[in-house]
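Take a look at the letters that make up each chain.
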Amino acid sequence: MKQLTEFQVECERELLAALAERSLTLVNRRTGGKNETYICAEIAGKELRLWIYEDEAMFKAGGKDYAYEAPDYQDKGLLISSFVAAIIVCLENWSPPDSGSSRISLFKGKEL
């Protein structure tokens, strides 16, 4: 398995900081993937599962999928901040103002 990308490291770092401010943590964290290394984790005590791919991220919460894909954002920093903010909003029982890529409905495959 390949080493984590800069994007993955930064995304996870920002997410962990935002969660720590709310006394929340990641659980069941693992890395996986054949063609692409990804991080998969859950948030302790919440029904939210997330994936951080090499240059994109997504999560599932409340029966909905939210994907944050590189083509939809001007830069990686904006993608990361939008992803983290959306997770925090969902944890507070709100719908995120930026729900990610509109192309998520096209995803029909199985998890990587």
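First, a word on scope: everything that follows refers to the structure included in this document. Model, not experiment: these values are computed from the prediction.

1. Section: the packing of aromatic side chains
Moving on, step 1. Tallying each qualifying case throughout the model produces 6 aromatic pairs.
Moving on, step 2. Ring geometry for Y38 against Y53: centres 5.7 Å apart, planes inclined by 50°, an arrangement best described as tilted. Here Y38, found in strand β2 (residues 38-43), pairs with Y53, found in the loop between β3 (48-52) and β4 (57-61); they are 15 residues apart in sequence, far enough to count as distant. Each member of the pair, Y38 as well as Y53, is classed as buried.
Moving on, step 3. Centre to centre, the rings of F59 and Y68 are 6.3 Å apart; their planes meet at 5°, and the pair counts as stacked. No difference in accessibility class separates F59 from Y68, as the two residues are buried.
Moving on, step 4. Joined through ring pairs, the aromatic side chains of F59, Y66, Y68, Y73 and F83 make up one cluster.
Moving on, step 5. Cation over ring: K76 sits above F7, and NZ or CZ is 5.8 Å from the ring centre.

Cut-off values and rules
- Residues numbered from 1 in each chain as written.
- Predicted model: local features only at pLDDT ≥ 70, side-chain atom pairs only at ≥ 80, totals over all residues.
- Heavy atoms only, no water.
- Phe/Tyr/Trp six-rings, centres within 6.5 Å; stacked < 30°, edge-to-face > 60°.
- Helix = DSSP H or I, 4+ residues; strand = E, 2+ residues; numbered from the N terminus.
- Buried < 20%, exposed > 50% of the residue type's maximum accessible area, 1.4 Å probe, protein only.
- Lys NZ or Arg CZ within 6 Å of the ring centre and 35° of its normal.

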